[in-house]
Amino acid sequence: MTKKYKKVVVGGTFDKFHNGHRKLLETAFEIGEFVEIGVTSDEFGGLKGNIDTCQVRMGNLRNFFKNYDNYHISRLDNKYGPTLSVEDFDAIVVSEETEPTAVEINQIRFEKGMHPLDIVVVSFVLADDGVPISSTRIRKGEIDKKGNLIQ
């Protein structure tokens, strides 16, 4: 089956790997022949608070994709990752929350004479209460990784 894009990029912190992350990454694999996955470094991701180490988060992703061989995981030290230096990405997969960063990336790529990336926006996965699932909510003990409310 031919995929829409040769090479797509997706990035995130991927802490407390949950159904929202799963949807984001599954979308990337559905549309891309090869997926570059950026995971925020401890220094950069740590700005969000008490999160698992980069090594643990990358391990969780490798576990999830153990049946795939068409991806590469790298560390992100800023919000742009390899998108400003790698010419041959075709698309970027983002959540509604990170779409503005993708627009910014395209502006910078344009200024550098690079072709823009198609921006594929994945809608939030909602918890049982209708509020988006997030690692922050999981860390606070409000919901589990599937979006079930914790009483």
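Everything below is about the structure shown above.
Bear in mind the structure is a predicted one, so any value in this text is a computation, not a measurement.

1. Observations concerning the overall build of the protein
Scanning the protein from N- to C-terminus turns up five helices and five strands. Mapped in sequence order, the helices and strands of the protein form the string β-α-β-α-α-β-β-α-β-α. Taking 151 residues into account, the globule formula puts the C-alpha radius of gyration at 15 Å, and the protein, at 15 Å, falls close to it. With respect to the principal axes defined by its C-alpha atoms, the protein has extents near 50 × 35 × 30 Å. In the protein, buried positions account for 42% of the 151 residues. The long-range fraction of contacts in the protein, counting pairs at least 24 apart against all pairs at least 6 apart in sequence, stands at 66%. In the structure as shown, the protein presents an accessible area of about 8300 Å², 51% of it carried by carbon and sulfur atoms. Separation between the mean location of the 20 positive side-chain charges and that of the 23 negative ones in the protein comes to 3 Å.

2. What to know about the pairing of strand β2 (residues 32-40)
Among the nine residues that make up β2, seven are buried, leaving the element largely enclosed by the rest of the structure. For the crossover that starts at strand β1 (residues 5-12), traverses helix α1 (residues 19-31) and ends in the parallel β2, the hand is right-handed. Pairing of β2 with strand β3 (residues 71-76) involves six bridges; the strand directions are parallel. Directly across from Ile37, in β3, lies its bridge partner Ile73.

3. A look at the pattern of salt bridges
Across all of its chains, the model carries ten salt bridges by this definition. In this structure, Asp52 engages Lys16 in a salt bridge whose closest nitrogen and oxygen atoms are separated by 3.2 Å. With Asp52 in the loop between α2 (42-45) and α3 (54-64) and Lys16 in the loop between β1 and α1, this residue pair connects regions lying 36 residues apart in the sequence. A salt bridge links Glu104 to Lys79, with the nearest nitrogen and oxygen atoms 3.2 Å apart.

4. Details of helix α4 (residues 99-111)
Over its 13 residues, α4 extends 19 Å from the first C-alpha to the last, a length consistent with the 18 Å expected when each residue adds 1.5 Å. Buried residues of α4: Ala102, Ile105, Asn106 and Arg109, and no others. One face of α4 carries all of its buried residues, which in axial projection span an arc of 100 degrees. Exposed side of α4, more than 90 degrees from the buried face: Pro100 and Glu111 are the residues found there. On the buried face of α4, the contacting elements are β4 (91-95) and β5 (118-122).

5. Quick look at the sheet that holds β2
Read across the sheet, five strands follow the order β3-β2-β1-β4-β5 without closing on themselves; strand pairing throughout is parallel. The open sheet terminates on both sides in strands that have one partner only, identified here as β3 and β5. For this sheet, the mean inter-axis angle between neighbouring strands, taken without regard to orientation, is 25 degrees. Summarising the sheet, β1 and β2 pair through seven bridges and their orientation is parallel. Bridging across to β2, Lys7 finds its partner in Phe34. α1 contacts β1, β2, β3, β4 and β5 of the sheet and is inclined by roughly 150 degrees relative to β2.

6. Focus: the packing of aromatic side chains
Per the stated rule, a full pass over the model turns up seven aromatic pairs. Centre to centre, the rings of Phe64 and Phe65 are 4.7 Å apart; their planes meet at 80 degrees, and the pair counts as edge-to-face. Since its relative accessible area comes to 23%, Phe64 is described here as partly exposed. Aromatic pair Phe65 and Tyr68: ring centres 5.2 Å apart, planes at 85 degrees, arrangement edge-to-face. The buried category is assigned to Phe65, whose relative accessible area is 0%. Judged by its relative accessible area of 36%, Tyr68 is partly exposed. Within the aromatic cluster, the residues linked to one another by ring pairs are Phe17, Phe29, Phe64, Phe65, Tyr68 and Tyr71.

Calculation rules
- Residues numbered from 1 in each chain as written.
- Predicted model: local features only at pLDDT ≥ 70, side-chain atom pairs only at ≥ 80, totals over all residues.
- Heavy atoms only, no water.
- Helix = DSSP H or I, 4+ residues; strand = E, 2+ residues; numbered from the N terminus.
- Rg over C-alpha atoms; globule rule 2.2 N^0.38 Å.
- Buried < 20%, exposed > 50% of the residue type's maximum accessible area, 1.4 Å probe, protein only.
- Contact = heavy atoms within 4.5 Å.
- Areas by Shrake-Rupley, 256 points an atom, 1.4 Å probe, with all protein chains shown as cover.
- Lys, Arg positive; Asp, Glu negative; His and termini not counted.
- Charge placed at Lys NZ, Arg CZ, Asp CG, Glu CD.
- Right-handed = clockwise from strand over helix to strand, strands pointing away.
- Pairing = 2+ DSSP bridges.
- Salt bridge = Lys/Arg side-chain N within 4 Å of Asp/Glu carboxyl O.
- Expected span 1.5 Å × (residues − 1).
- Arc of directions from axis to C-beta.
- Axes fitted to C-alpha atoms, helices over the stretch in contact; angles between N-to-C directions.
- Phe/Tyr/Trp six-rings, centres within 6.5 Å; stacked < 30°, edge-to-face > 60°.

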